[in-house]
Amino acid sequence: MKIVGIAACTAGIAHTYIAKEKLENAAKKAGHVIHVETQGTIGTENPIPESAIKEADVVVIAADVKVSGKERFEGLRVIEIPTEVVIKSPNKFIEKIEEIVKQ
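Residues numbered from 1 in each chain as written. Predicted model: local features only at pLDDT ≥ 70, side-chain atom pairs only at ≥ 80, totals over all residues. Heavy atoms only, no water.

By the naming in an unreviewed UniProt entry, the protein is Fructose PTS transporter subunit IIB, taken from Enterococcus dongliensis.

Structure, rendered in structure tokens:
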């Protein structure tokens, strides 16, 4: 499965990067390809390439604030959740995404 996503928290610092790392590690552990962009106080880092968006099976937005650029994902399956969910249970979250994508 190919996953793209955005991580963003209210401060744009700690939870943003923790959520990104947890998502990436859990997805890779499950054998998936993932690219996570961060949006925070210093702006957007690691922007998602257009090619990755075109090939994506699912989009994950792990955010506690409004994120910019969601229009890029029009026509794709988008799952929006708080950063806390990804931080606390990343492996279970990836399993849930697998179930959703198979439907």
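After presenting the structure, the write-up continues.
Trainee: How do you make sense of the pairing of strand β4 (residues 58-63) when you look at a structure like this?
Mentor: Most of β4 sits inside the fold, with six of its six residues counted as buried. Neither face of β4 is exposed, since V58, V60 and A62 on one face and V59, I61 and A63 on the opposite face are all buried. Alignment of strand β1 (residues 2-8) against β4, held across six bridges, turns out to be parallel. Residue A7 lies in a different strand from β4, and its bridge partner there is A62. Examined bridge by bridge, β4 and strand β5 (residues 78-81) share four bridges and lie parallel to one another. Within β5, the position partnered with I61 by the bridge is E80. (Buried < 20%, exposed > 50% of the residue type's maximum accessible area, 1.4 Å probe, protein only. Helix = DSSP H or I, 4+ residues; strand = E, 2+ residues; numbered from the N terminus. Pairing = 2+ DSSP bridges.)

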